[in-house]
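Spelled out, the chains give:
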Amino acid sequence: MDQIQRTGGVALVPFLVFVATFLGSGIVLDDFYALPSPVAVVCGIVAAFILLKGSINAKVDALIRGCGDSQIMTMCLIYLLAGAFAVVAKAAGGVDATVNLGLSAIPVQYLALGIFVLASFLSTATGTSVGAVVALGPIAVGLAEQSGTSLPLMLGALLGGAMFGDNLSFISDTTIAATQTQGCSMKDKFKVNILIAGPAALLTIGLLLFAGFTNGVAPDVLPAVQEISFWKIVPYLLVLFLAIYGVNVFVVLMLGIVASGAVGLAGGELDLLLFSKKIYEGFTGMTEIFLLSMLTGGLAEMVRQAGGIQFLLDKANNLIRSYRSSQVGIGLLVSGVNSAIANNTVSIVVTGPVAKDISQRYSIDNRKTAALIDIFACIVQGLLPYGAQMLILVSFTGGKVSFLDILPYAWYIYLLLLFALLAIYTPFVDRLLADKQSSELPRKVIAN
């Protein structure tokens, strides 16, 4: 088979063109989401066709092979189903029901704590931090103004809760990308991830409890909520339960879509035609990330065949000296890419193959690698002043606060970084993974 000629570090130039196009357009236009990311990838692909050595047929073959990779296609199909579930569940009233349920149970002095918990559940259920920020941002701002609670504190709590779910949700595009690029199940990645994110969330809750206890607020302020429809939350709970239980992700999402549709049909929010339109709306809402993942897979295969990935690995190995430093290197790699392109999912898709090669070379458990690349990408994404989450939060305040005001209160994100480093430099997570492997081995032997 005709091959692209290996050119070492030069093969990375098309990838750099992609990053520079995405980053440069964001700086010039003052909006990192103005240029559709698939267009930036196409610029990188064009550069690959021009710069890489070899026949046109070899380059086309590599591009198509990368675009059609089974892991890439699996990821793309999951994106479509996750988008459909999120849109149908929202149309059926699931988001409003979740918000109303949370606000009805929040004591006024603990509004920031309530916002954090509510954002955590909502982002975990829907798989999107941006969705949680959009849904709860105006509520958080209004409650802060009415109660006298610190607005930066409320927004910092909302940001932390939104990133908690984005990092852990079974239907989050970051989780999908992390597990697919590392070749592990979502259930196993969740079990490792919660060991890191769980303590960070619990400590954040403790800090917010203390803040609520010490900060005086208006005692007569109560959140205005509508009638609570518990059954509209059932599809979210169903998806969470089935995913944690280990049911195939395609089955989980299909059942979630059906359950959400049934709730919407029974409640009158949907009819059959609108139900079908909402499913398609969910599909189209994932078009950008679908195309991005597919085209990035093609570009990565061209760069890999030309020796770019191997060149990057060789350079990384000169800096990486041990099992633990390799994990730090993986975290820095995904953090650096995310800082450049301000998109945690894209950064995982781009760096995933390199992270997998590093983890295999240094015998890092793929479940831990999947958790770490997701965690570091979400940490950086949450703190970026030009990230979507922070931009949306600041916009809701009408200029009353800046990202610099919110950063000191992003407690969960800082604690998540702390526990991620502890997971790297202490044996706690590794021991649990080793114990789990040893306990599963007899069952595998018996099964064989």
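Note that this is a predicted model, so its numbers are computed, not measured.

A. Region of the structure containing the nonpolar core. Core analysis: the biggest nonpolar cluster contains 139 residues, and Phe18, Tyr79, Met154, Leu155, Ile358, Tyr412 and Leu416 have the highest contact counts within it. The greatest single-element share of this core, amounting to 12 residues, is contributed by helix H4 (residues 70–91).

B. Up close: the packing of helix H17 (residues 344–361) against helix H18 (residues 366–383). The interhelical angle for the contact between H17 and H18, taken along N-to-C directions, is 145 degrees, at an axis separation of 10 Å. For the pair H17 and H18, the crossing hand works out as right-handed. Two secondary-structure elements touch here, H17 through Asn344, Ser347, Ile348, Ala355 and Ser359 and H18 through Thr369, Ile373, Asp374, Ala377, Cys378 and Gln381. Residue classes in the contact of H17 with H18 are distributed as 5 nonpolar, 5 polar and 1 charged.

C. Region of interest: the packing of aromatic side chains. Taken as a whole and judged by the stated rule, the model has 6 aromatic pairs. On the basis of an interplanar angle of 70 degrees and a centroid distance of 5.8 Å, the ring pair of Phe164 and Tyr412 is categorised as edge-to-face. In this pair, Phe164 sits in helix H8 (residues 151–168) while Tyr412 sits in helix H21 (residues 411–425), placing the two residues 248 residues apart along the sequence. Grouping residues by exposure puts Phe164 and Tyr412 together as buried.

D. Molecular detail of a nonpolar patch on the surface. A grouping of Val10, Val13, Val42, Val46, Ile50 and Leu51 is seen on the molecular surface, where their side chains present a nonpolar patch of about 480 Å² in accessible area. With 4 residues, helix H2 (residues 37–51) is the largest single contributor of residues to the nonpolar patch. Within the secondary structure, Leu51 is located in helix H2.

E. Spotlight on the pattern of salt bridges. In the structure shown here, the tally under the stated rule is 8 salt bridges. The closest approach of N and O atoms between Lys232 and Glu269, which form a salt bridge, is 2.6 Å. Note that Lys232 is positioned in the loop between helix H10 (186–214) and helix H11 (234–245) and Glu269 in the loop between helix H12 (249–267) and helix H13 (272–285), a separation of 37 residues in sequence. Classification of Lys232 by relative accessible area gives buried; the value is 15%. Exposure remark for Glu269: the relative accessible area of 27% places this residue in the partly exposed category.

What counts, and where the lines are drawn
- Residues numbered from 1 in each chain as written.
- Predicted model: local features only at pLDDT ≥ 70, side-chain atom pairs only at ≥ 80, totals over all residues.
- Heavy atoms only, no water.
- Core = buried A, V, L, I, M, F, W, Y, C linked by side-chain atoms within 4.5 Å.
- Buried < 20%, exposed > 50% of the residue type's maximum accessible area, 1.4 Å probe, protein only.
- Helix = DSSP H or I, 4+ residues; strand = E, 2+ residues; numbered from the N terminus.
- Axes fitted to C-alpha atoms, helices over the stretch in contact; angles between N-to-C directions.
- Left-handed = near helix turned anticlockwise from the far one by under 90°.
- Contact = heavy atoms within 4.5 Å.
- Nonpolar A, V, L, I, M, F, W, Y, C, P; charged D, E, K, R; others polar.
- Phe/Tyr/Trp six-rings, centres within 6.5 Å; stacked < 30°, edge-to-face > 60°.
- Patch = residues over 30% accessible without salt bridge, like charges linked within 9 Å, V, L, I, M, F, W, Y side chains within 5 Å.
- Areas by Shrake-Rupley, 256 points an atom, 1.4 Å probe, with all protein chains shown as cover.
- Salt bridge = Lys/Arg side-chain N within 4 Å of Asp/Glu carboxyl O.

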